[in-house]
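Now for the letters of each chain:
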Amino acid sequence: MLLSSLVAFACSKDEPKKPEAKTGAAATVDGKDASKLGTATGTAPDIAKPPAPSSVVASVKMGSGGTIHALQAEPDVLGHFAIASPSQLLADIRTQLVPARFAGFLDEGALRSFVSLALDKRSNLAMNYDLAAPLGCALVEPKLDDIKLGCTFGYKGGAKAFVADLGDTNKQTDAGGHVAAYMIEGKSVYVDAGAGDTVFASSGAETHAKTQAYLQRNVVDRAADIHGDVEFVAYVATVAQRYSSLLAPILEQMNGQTPPPTGNPAADAAVKAWSDYRQRSSKTTMDRLSEFSQFTFFFSVEPAGVMLGGALFPTAGSRMAQDMALYGDARLDPAFAGLAPSGTAALLALHISNAAYTLQSAAEGRKLVGEVWGALTGRDAAGVEAAITAFQTENAALYDGQTLVALGREEGAIFGLTMAGRLQPGKSGRDGWKAWSASFTPEAVLGSQFSQYVSWKFTPDAASLDGTAVDRWTIEPGALIKGEIEKNMPPDAKAMVDKTLGGLLINIDRAEAGGSVIFTVAPKAEAKYLKRVIAGFTGAGNVAGEAGLQKALARDSEMAGVLAVDLKELLAWVRGLSAYGARTEGVPQNLGTDLGDFYFTTRYTKEGATVMEYVFSQQLIEQIKPLIPTP
C-alpha cells in the first residue's frame, strides 16, 4: 500500500510528460518491447532455471524453527528486502507491540480508509492493494541520484488495474514495451505484469529485465519460506567485487593514516608497527569480504516477542568457509551456563573452540601482537609471538572451551564480576598458573619504562574459602605515578575511590571449583562474592533453575553461545549506585523479570555458516507498553 501510494503521490506532481522515442522495437506476444525486456521476441524471462548457489551451504535451520536459505546471487542484483505478508505483520504489531489504545490506528480497514482519503481521486489504490501478498524490492544500483530498483507487490486486478487506478498524470505515451511508463522527477518508472495479481515496478529502462526473474523466484514464489516477517539479503561478495575499485582506496586511506609522533620512541615504534599492519591488511580486508557470499537479516514479531537475527553464508571454497567449519562442533553446555551466581544481571556463556588457535587469522593476530608489543617493550617480536603461541597451546590442553562471564550485584561492592573456564576432565591449572604468574612480572611484560606506570603482584594462597585455595592478582598504578596521583587527587575524588574500590587498586581473585577455573572481581567484598560464586559452581545459589535462562537456553539446542540480560536485576544495580552519589530517581521501578528479558544466541554449522538471533521478550514488551505516553 505504501509503495503504490508513493507512486501515486509522485505521479500527482504537475510535471510535463517526456516521451522517449522508440523506433523499430520488436514486440512480444503481449505487446511489450522485447529490446527493453532483454529477452527474445515472443519469450518471457526464464525463471525456471536459477543460477547455482554461490554458497556451499544450501540452508540453515533456526533453532526456534524455520529455515534461512542461501539464495542464488546474480551479477546484477546486490540484495533485496521482502515482507512475506504485510497484512500479518500489521496484525502482529497491532496485537503485540502497541498499547490497546493505539491498536485501532493499525486496523487494516481503518488504515485503508485513512490512506484512501489522502489519495483523494486515487483512493482505489488503497482499497485494491493486496496486503496479504508478498512485497519486495531488489537493488541493482545504489546511486542515490539514479537508484536502480525493481519491486513487486500484489494488486487486485493486476498491473492493468493498478495503472488504471493510478491515472494518466505523468504517464508516458510510449511505454517502451512495459504495461506503463511514468516520468517522475526526471526519472523513468515502469510498471509490468506478473502472473495473476502480481505487479512489478522498476526504475531504469533495463531494471525490470534484470530483476523480474529474481523477484519472482526469491520473493513471490518463496513468500511462504521467508523466515520472519521482514527479510533483508545482501550479497556481500557481489558488492565487494563490484565496488572494489571504490572501497579499496577508502580502506587504504583509512589504514594509511598514522597518528602524530608522541615523542616517546617506544610508543612511536609500536604505533608504526600497528600502522604497517593496517596498511598490509587493506587488501586482506577486501579479500575477506569476498569470502562472504550472503548475509540474511530478518525481523519478526512472534508470540515470544520481537526477533532480530540472521545468517552469514561463506563463499564456496573460500578460506572463510574452511575456517568457520572448524567451529561447527562448538556447542554450549547449558548446565555450565547455569552456574553463574544468583543475582546475575547479564550473562555471557559460550563454547570457544580450541580450533580457533589453529586458524591463519589467529596466527596473523599473534604476529601483530608480537610486532606491536615487541616494539613497545623492546622485546624480540618473535619471542613475544612464541610466548603467546605457547600460552594458547597450554590453554587448549587445559580447558575444554566452555566459557562464562557474569555481571551482577554484590552487597558492599559496586559490582560483582565472574569469569570462568571449564577444565578438561581430571585437569587442574593451579600449578601452571602459579608458575606462569611468577614469570609474568610487570618488567617482563611491559618493559622497564612502562612498568613504572602500571604494576601488579601475585599472591598465591591469599585466602582460603571453605577449603578452597584463593590466589590473588592485585593491579595498581606504578611507582612513578602512584604518589603523584594520590597527592593531586581532590578530597571528594579520593573519598569516592576509597568508597568504591578501597584505594587505587583492583583485586582479581582466582579459585578452582566444580571442575572450572574462576576469576572474580568485587571491590571491597571480594571474599563474600567469591564464596557465593564457588557455591554456585558446586551446585548451590546459582541461576540454573531460573525460568528466563531456561527459556533462552531452549531457544536453540545447538547454540554455541548465549547472552542473556535480566533487566530487573540490571536496573536494581543502577538504582544501587545512589549509594555512591548517582542520581537514580528516574530509573524505572517495574521493568524486567529475569534473564529471559532479552537474549542473544549464536550457532555455527559444520558446513561453515553462522546463525544468530536477538530476542526482545514479550514479557518485557508488555511491561513497556503501559509506559508509552498518550499524545
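Scroll up for the structure.
Reading the values: the criteria
Residues numbered from 1 in each chain as written. Predicted model: local features only at pLDDT ≥ 70, side-chain atom pairs only at ≥ 80, totals over all residues. Heavy atoms only, no water. Helix = DSSP H or I, 4+ residues; strand = E, 2+ residues; numbered from the N terminus. Buried < 20%, exposed > 50% of the residue type's maximum accessible area, 1.4 Å probe, protein only. Contact = heavy atoms within 4.5 Å. Core = buried A, V, L, I, M, F, W, Y, C linked by side-chain atoms within 4.5 Å. Axes fitted to C-alpha atoms, helices over the stretch in contact; angles between N-to-C directions. Parallel < 35°, antiparallel > 145°, perpendicular 65-115°, else oblique. Left-handed = near helix turned anticlockwise from the far one by under 90°. Nonpolar A, V, L, I, M, F, W, Y, C, P; charged D, E, K, R; others polar. Disulfide = S-S within 2.5 Å. Phe/Tyr/Trp six-rings, centres within 6.5 Å; stacked < 30°, edge-to-face > 60°.

Colleague: It is not clear to me how the overall build of the protein chain should be interpreted in this structure. Could you clarify?
Modeller: Tallying secondary structure elements over the protein chain gives 23 helices and 22 strands in all. The principal-axis extent of the C-alpha atoms belonging to the protein chain is close to 90 × 55 × 50 Å. Buried residues in the protein chain amount to 46% of all 631 residues. The contacts of the protein chain with a sequence gap of at least 6 include a subset with a gap of at least 24, amounting to 68%.

Colleague: Explain the nonpolar core here, please?
Modeller: Within the largest apolar cluster, 44 residues are counted, with the highest numbers of intra-cluster contacts made by Val60, Phe313, Leu404, Phe537 and Val562. The biggest single contributor to this core is helix α20 (residues 526–537), with five residues. When neighbours within four sequence positions are excluded, phenylalanine 313 is seen to be in contact with Ser55, Val57, Ser59, Val60, Ile68, His69, Ala70, Phe292, Ser293, Gln294, Thr296 and Ala609. Listed in part, the 24 residues of the second largest apolar core include Leu131, Val163, Tyr182 and Val189.

Colleague: Sorry, what's going on with the packing of helix α14 (residues 360–377) against helix α15 (residues 381–398) here?
Modeller: When two helices pack together, their arrangement is given by the angle between their axes and by how far apart the axes lie. Across the interface, α14 lies against α15 with an axial gap of 7 Å and an inter-helix angle of 135°. Taken together, the axis directions place α14 and α15 in an arrangement best described as oblique. Pair α14 / α15 crosses with right-handed handedness. In this structure, α14 contributes Ala363, Arg366, Lys367, Val369, Gly370, Glu371, Trp373 and Gly374 to the contact, and α15 contributes Ala381, Val384, Glu385, Ile388, Thr389 and Gln392. Across the contact of α14 with α15, the residue classes tally to six nonpolar, four polar and four charged.

Colleague: Teacher, can you tell me more about the state of the cysteines here?
Modeller: When the sulfur atoms of two cysteines share a covalent bond, that bond is a disulfide. Enumeration according to the criterion identifies one disulfide in this entry. Through a disulfide, cysteine 137 is tied to cysteine 151; the S-S separation comes to 2.0 Å. Disulfide cysteine 137-cysteine 151: torsion about the S-S bond near 105°, hence right-handed. In this pair, cysteine 137 sits in strand β5 (residues 135–141) while cysteine 151 sits in strand β6 (residues 148–155), placing the two residues 14 residues apart along the sequence. For the pair cysteine 137 and cysteine 151, a shared accessibility class is recorded, and that class is buried.

Colleague: Would you mind showing me how to read the packing of aromatic side chains here?
Modeller: We describe a pair of aromatic rings using the distance from one ring centre to the other and the angle between the two ring planes. With the rule as written, the count across this model stands at 19 aromatic pairs. Summarising the aromatic geometry, the rings of tyrosine 155 and phenylalanine 162 are spaced 5.2 Å apart at their centres and angled 70° between planes, so their arrangement reads as edge-to-face. Across this residue pair, the class does not change: tyrosine 155 and phenylalanine 162 are buried. Ring geometry for phenylalanine 598 against phenylalanine 616: centres 4.9 Å apart, planes inclined by 45°, an arrangement best described as tilted. Of this pair, phenylalanine 598 sits in strand β21 (residues 598–604) while phenylalanine 616 sits in strand β22 (residues 610–617), placing them 18 residues apart in sequence. Look at phenylalanine 598 and you get buried, because its relative accessible area is 17%. Judged by its relative accessible area of 34%, phenylalanine 616 is partly exposed. Three or more aromatic residues joined by ring pairs form one cluster here, namely Phe391, Trp433, Trp436, Phe440, Trp456, Phe458 and Trp473.

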